[in-house]
Amino acid sequence: MSRSNAFHPVCLWIKRFSLFVALSTATYVSADDRPLGVSPVSINDQYDHGAPYQGIRLHGALKLSQARLNGQILSELSGLAWDDDEQVLYAISDEASVFHLRPKIVNGRLADVELVAAYPLTDFKGRSLRQPDIDSEGLVLKRSNNGVPGDTELVISFEARPRIQGFTPQGRVFREYPLPGRLNNINVYAARNKALESVVVHPVYGLLTAPEIPLDGTPEAVHTIYALSGLSWRFPRDEKNRLALVDLEVLPDGALLVLLRRYSLLFTHWLIDLKRVELLPGGLTRSTPVARFESGTAWRLDNFEGLAHHRDNFYFMVSDDNGGLLQDTFLVYFEVLDPPGR
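## With respect to the overall build of the protein
Right, so step 1: Looking only at helices and strands, one finds one helix and 24 strands in the protein.
Right, so step 2: Classification of the 342 residues of the protein by burial places 57% in the buried group.
Right, so step 3: Nonlocal contacts in the protein, meaning residues at least 24 apart in sequence, comprise 54% of its contacts between residues at least 6 apart.
Right, so step 4: When the accessible surface of the protein is totalled, it reaches about 14600 Å², and 53% of it is carbon and sulfur.

## A short note on the sheet that holds strand S21 (residues 285–294)
Right, so step 1: If you trace the four strands from one edge of the open sheet to the other, you get S18-S19-S20-S21, paired in antiparallel fashion. Every interior strand has two partners, whereas the edge strands, strand S18 (244–250) and S21, have only one. Neighbour-to-neighbour, the strand axes of this sheet turn through a mean angle of 25°, independent of strand direction.
Right, so step 2: Sheet topology note: the strand S19 (residues 256–263)/strand S20 (residues 270–279) ladder contains eight bridges and is antiparallel.

## Description of the pairing of strand S7 (residues 88–93)
Right, so step 1: Burial within S7 is extensive, with six of its six residues counted as buried.
Right, so step 2: Of the two faces of S7, the one carrying Val88, Tyr90 and Ile92 and the one carrying Leu89, Ala91 and Ser93 are both buried.
Right, so step 3: Relative to S7, strand S6 (residues 77–83) is paired through six bridges, and the arrangement is antiparallel. For Trp82, the partnering residue across the bridge sits in S7 and is Leu89.
Right, so step 4: The pairing of S7 with strand S8 (residues 97–106) spans four bridges and is antiparallel. Looking at S8, one finds that Ile92 is bridged to Val98.
Right, so step 5: In sequence, S7 turns back onto S8 through a hairpin of three residues, with Ala96 there showing a positive phi of about 65°.

## Some thoughts on the pairing of S21
Right, so step 1: The pairing of S20 with S21 spans nine bridges and is classified as antiparallel. Each residue of the ladder has a partner; that of Leu271, found in S21, is Glu294.
Right, so step 2: Counting the residues in the hairpin turn of S20 and S21 gives five residues, including Gly282, whose phi is positive at 75°.

## Quick look at the packing of aromatic side chains
Right, so step 1: Throughout the structure, instances matching the rule amount to 12 aromatic pairs.
Right, so step 2: With centroids separated by 6.0 Å and ring planes inclined at 5°, the aromatic side chains of Tyr47 and Trp299 adopt a geometry described as stacked. Of the two residues, Tyr47 is situated in the loop between strand S1 (38–41) and strand S2 (52–53) and Trp299 in the loop between S21 and strand S22 (304–311); the sequence distance between them amounts to 252 residues. For the residue pair Tyr47 and Trp299, the accessibility class agrees, reading buried in each case.
Right, so step 3: When the ring of Phe316 is compared with that of Tyr333, the centres are 4.9 Å apart and the planes differ by 35°; the resulting orientation is tilted. Taken together, the residues span a long stretch of sequence, with Phe316 in strand S23 (residues 314–319) and Tyr333 in strand S24 (residues 329–336) at a distance of 17 residues.
Right, so step 4: Connected via pairs of aromatic rings, a cluster forms that spans Tyr47, Tyr53, Phe293 and Trp299.
Right, so step 5: If you follow Arg163 out to its NZ or CZ, it ends over the ring of Phe158, 3.7 Å from the centre.

## Examining the pattern of salt bridges
Right, so step 1: Applying the stated criterion across every chain yields a total of 17 salt bridges.
Right, so step 2: With a closest N to O distance of 3.6 Å, Arg143 and Glu153 form a salt bridge. With a gap of 10 residues between them, Arg143 in the loop between strand S10 (136–142) and strand S11 (153–158) and Glu153 in strand S11 connect regions that are remote in the sequence.
Right, so step 3: Note on Arg143: relative accessible area 37%, which makes it partly exposed.

## Section: the sheet that holds S10
Right, so step 1: Here four strands make up an open sheet; going across it, the order is S10-S11-S12-S13 and the pairing antiparallel. Each edge of the sheet is formed by a strand with only one pairing partner; in this case those strands are S10 and strand S13 (173–177). Each neighbouring strand pair of the sheet contributes to a mean axis angle of 25°, computed without reference to strand direction.
Right, so step 2: For S11 and strand S12 (residues 163–167), the ladder comprises five bridges, and the chain directions are antiparallel. Considered in S12, the bridge of Phe158 is made with Arg163.

Definitions and cut-offs
Residues numbered from 1 in each chain as written. Predicted model: local features only at pLDDT ≥ 70, side-chain atom pairs only at ≥ 80, totals over all residues. Heavy atoms only, no water. Helix = DSSP H or I, 4+ residues; strand = E, 2+ residues; numbered from the N terminus. Buried < 20%, exposed > 50% of the residue type's maximum accessible area, 1.4 Å probe, protein only. Contact = heavy atoms within 4.5 Å. Areas by Shrake-Rupley, 256 points an atom, 1.4 Å probe, with all protein chains shown as cover. Pairing = 2+ DSSP bridges. Axes fitted to C-alpha atoms, helices over the stretch in contact; angles between N-to-C directions. Phe/Tyr/Trp six-rings, centres within 6.5 Å; stacked < 30°, edge-to-face > 60°. Lys NZ or Arg CZ within 6 Å of the ring centre and 35° of its normal. Salt bridge = Lys/Arg side-chain N within 4 Å of Asp/Glu carboxyl O.

Laid out in structure tokens, this is it:
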């Protein structure tokens, strides 16, 4: 039997209620497209202007409204990926939509973003995904930096029906990636919404993925990263806070940048961690902290779930607003500082 999550039923109810209210309100206002509203925000007044904080430097943040384009609502964003060939930042939502964003960086700072396209994700018959096949969570790209426009593949991981599939930028599925071991079986996950939260392409090990919470039958004190080739690596979980693993990215030297998160009831308190995890031979790892953000310490936080490498040591991070009634979509731009000794 899967381990239970004490907050899961309440949080899931809030998420569904929030989305219902947001969609119902939108129906009364207009059924047409709504433009994207963008507002500069500070997630910490002390560090938001380039001052170093632990192992990062912040370079701007934006609050995004719930825009509507092509019938898709910009909300519940859970995965990001940068396409260097197309100069597009892709974002996916829990509701199986893909959005094409064009961020504007001015003097090294995130100043604006434009919503240029939106599409529903489809199944192999060309139909828009529906329950239980939605819950798109992790996103990474293939062939996005080869100088060939138009050949990018979006690799997306899913939760409720665990799988990893390849899509066109217009949301059409065309490939299924076989999962190793027990990852196909939803019953081994801690909950239906605690499955494959992340996916990344590693320069040595290929496609990697990780569940949000350790699988049944594996130690609760460690997170496990799985390669589709069958290899795996474990790194220690925070013993006190037991954070969930919500995204993976690759650092320029091949180590992983790992995003972890914990929240309290009714989303009143957030703990967000960035960790550096090196994958070593024999399934070993070396993990070091990069930065920790916590509510109540001057940080304006939300449900950060998505990471995307931009260029050099610069990354985007996005929050999932869970439908938008109680939370916000923040897009943050930051730099990972070189660790001491490098």
